[in-house]
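# Summary of the model geometry
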Amino acid sequence: MSTIDIEDSLGITFCERLPLAFTHGKGSQVWDEAGKAYLDFTSGWGVTCLGHSHPVVVAAIAAQAARLMQSPNAGFTYSPERAALLQQLQQVLPANLTNAFFCNSGAEANDAALKLARKITGKHKVVSTQGSFHGRSFNTLSVSRGPDNSSRYLPQLPDISFVPHGDTPALAAVIDDETASVIVEPIQGEGGVRIPPAAWLAEVQSLCRLHGALLIVDEIQTGFCRTGKFFAVEHSPVLIEPDFMTMAKGIAAGFPFAAFAVSAGVNARIQKDDHGGTYCGNPLGCALSKTVISYLLEHNIAGSVQLSGSYLSQAVLDLQAAFPHLIREVRGLGLLCAIEFHEPALARQLTLRCAEAGLLVVPTRNGIIRLLPDLLVSRTDMETALTILRTVLQEAAV
Ligand code: PLP
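Read on for an overview of the structure. Everything numeric here is computed off the predicted structure, so don't read it as measured data.

Attention shifts here to the overall build of the protein. Across its full length, the protein holds 13 helices and 15 strands. For the protein, whose C-alpha radius of gyration is 21 Å, the value lies close to the compact-globule estimate of 21 Å for 398 residues. Dimensions of the protein, computed from the C-alpha atoms along their principal axes, are close to 60 × 55 × 45 Å. The buried share of the protein, taken over its 398 residues, is 53%. Long-range contacts, defined here as pairs at least 24 residues apart, represent 73% of the contacts in the protein between residues at least 6 apart. Accessible area of the protein: about 17,200 Å², with a carbon and sulfur share of 57%. For the protein, the distance from the average position of its 29 positive side-chain charges to the average position of its 36 negative side-chain charges is 3 Å.

Of all five residues in strand E8 (residues 214-218), five are buried; the element is thus mostly enclosed. Judged by which residues are buried, E8 turns out to be covered on both faces: Leu214, Ile216 and Asp218 on one side and Leu215 and Val217 on the other are all buried. With four bridges joining them, strand E7 (residues 179-184) and E8 adopt parallel strand pairing. Pairing of valine 182 across the sheet is with leucine 215, part of E8. Note on the crossover from E7 through helix H8 (residues 200-211) to E8: the handedness is right-handed. Relative to strand E9 (residues 244-247), E8 runs parallel, the two being bridged by three bridges.

A few words on the sheet that holds strand E5 (residues 125-129). One open sheet accounts for seven strands, arranged E4-E10-E9-E8-E7-E5-E6; its pairing is mixed. Here the strands that pair on one side only, and so sit at the sheet edges, are strand E4 (97-103) and strand E6 (160-163). Neighbour-to-neighbour, the strand axes of this sheet turn through a mean angle of 20 degrees, independent of strand direction. Where E5 lies against E7, three bridges are found, and the strand directions are parallel. What sits directly across from valine 126, in E7, is serine 181.

Simply put, disulfide is the name for a covalent bond between the sulfur atoms of two cysteines. Under the definition given, this model contains zero disulfides. Unpaired in this structure, cysteine 337 has its nearest cysteine sulfur neighbour in cysteine 354, at a distance of 12 Å.

Now for the site of the ligand. Taken together, 13 residues surround the ligand, and among them Gly106, Ala107, Asp218, Gln221 and Lys249 come closest. Interatomic distance of 3.2 Å between a backbone N/O atom of phenylalanine 133 and a nitrogen atom of the ligand. The contact in question runs from an oxygen atom of the ligand to an N or O atom on the side chain of glutamine 221, over 2.8 Å. Here the ligand has 390 Å² of accessible area as a free molecule, and 84% of this is covered by the chains. It is helix H5 (residues 106-121) that provides the largest number of residues to the shell around the ligand, a total of three residues.

Core analysis: the biggest nonpolar cluster contains 80 residues, and Phe231, Met247, Leu296, Phe341, Leu359, Leu371 and Leu389 have the highest contact counts within it. When sequence neighbours within four positions are dropped, the list of residues in contact with leucine 371 reads Phe41, Leu312, Val316, Leu335, Leu336, Cys337, Ile339, Val361 and Leu389. In this structure, Ala109, Ala113, Ile183 and Phe244 belong to the second largest nonpolar core, which totals 23 residues.

This part takes up the pattern of salt bridges. Here the structure, examined in full by the defined rule, presents twelve salt bridges. A salt bridge links arginine 17 to glutamate 7; its shortest N-O distance comes to 2.9 Å. Taken together, the residues span a long stretch of sequence, with arginine 17 in the loop between helix H1 (3-10) and strand E1 (22-26) and glutamate 7 in helix H1 at a distance of ten residues. Note on arginine 17: relative accessible area 41%, which makes it partly exposed. Of the charged contacts, one joins arginine 353 and glutamate 395 as a salt bridge, the two residues approaching to 2.7 Å between their closest N and O atoms. One end of the pair, arginine 353, is in helix H12 (residues 345-356); the other, glutamate 395, is in helix H13 (residues 379-397), and 42 residues separate them in sequence. Under the relative-accessibility criterion, arginine 353 is labelled partly exposed at 25%. In this structure glutamate 395 comes out as partly exposed when scored by relative accessible area, which is 36%. When salt bridges with common partners are traced through the structure, they connect Arg194, Arg328, Glu329, Arg331 and Glu340 into a single cluster.

Reading the values: rules and limits
Residues numbered from 1 in each chain as written. Predicted model: local features only at pLDDT ≥ 70, side-chain atom pairs only at ≥ 80, totals over all residues. Heavy atoms only, no water. Helix = DSSP H or I, 4+ residues; strand = E, 2+ residues; numbered from the N terminus. Rg over C-alpha atoms; globule rule 2.2 N^0.38 Å. Buried < 20%, exposed > 50% of the residue type's maximum accessible area, 1.4 Å probe, protein only. Contact = heavy atoms within 4.5 Å. Areas by Shrake-Rupley, 256 points an atom, 1.4 Å probe, with all protein chains shown as cover. Lys, Arg positive; Asp, Glu negative; His and termini not counted. Charge placed at Lys NZ, Arg CZ, Asp CG, Glu CD. Pairing = 2+ DSSP bridges. Right-handed = clockwise from strand over helix to strand, strands pointing away. Axes fitted to C-alpha atoms, helices over the stretch in contact; angles between N-to-C directions. Disulfide = S-S within 2.5 Å. Near = heavy atom within 4 Å. Polar contact = N/O pair within 3.5 Å; in protein donor to acceptor, adjacent residues only side chain to side chain. Core = buried A, V, L, I, M, F, W, Y, C linked by side-chain atoms within 4.5 Å. Salt bridge = Lys/Arg side-chain N within 4 Å of Asp/Glu carboxyl O.

Laid out in structure tokens, this is it:
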């Protein structure tokens, strides 16, 4: 039986998959079982920020795996790798975020932030945004609002309000003194790369302060240089000082790892036994994440993403100009780029055609595809990807 047959019969499938199975990758390329090469403009859903099997990533994993992967007594003991990562993270976090905890996935980080915000404030209302995605755990599903995950597991958490992303008056109308937290993505990723007005995040922050609600900024997709800044909050013209910031994906370049960081005020209200987890802050993830952050800083990857991102955005805008009857809108910042089609079904059709032609893209809700290459993607690989996109658009246009 083939890999696909075995997975289809023995696994649990939650989405319609491409009939492809990959065996290895290098840089921006991956190879399937038949040996065919593809350009990976998904980077594993925005995860493999240094490309596939980058030598520094491989070396960090090998060195730490040979030393210690899981601390004895896990979080019950201290860890030099965790200490080193905590210090390293301080170099890149917003200055008000003084303490951090490491966990295993984005959903887990957001879940913990929502849970702790409820405990710290003694309130339980949450405001989130329409089109948001914060994860698939029960709490994070309750604060996510997209066409595919809004109402399948009713009843959800109570007293969650959703306002349009980027709409300050709508937030002002629902937030009140009973609101525990407001959770926002600085730029919506799964929602289709929705970039709010520049002033919005600061206005959200002011409303949170006014009502004693904690601000949870979800940087899971936008963090670690994806948008051309280390974190997307840095694009705000006004200093953003979140109460919680959640991180995952690029944080460890492909190893399942995540974190949430908190302000001193929040940290002062955290007590023993509020939270924990078997793998939280394991030495392997910590050593790797520290290596990734060092690499991003030493090579000024935020700066290079600004350059490669503007090249990609301009090239995709050129595609829109060439195919205005197919492409409704193009949105992007750094290497987070969305192409929205007039005809929603085209997104899936083009995803399949691109894959056949050797390019992997991310199909997203509502007739959108996203381009999320690794942050080291070369100009040549971007040109090849754009040539493939142009060809499949030309085919679709006839
Ligand atoms: N938050 C955002 C903004 C995301 O993009 C995602 C995943 O795509 C998550 C949370 C959930 O992260 P994970 O899949 O690691 O649980």
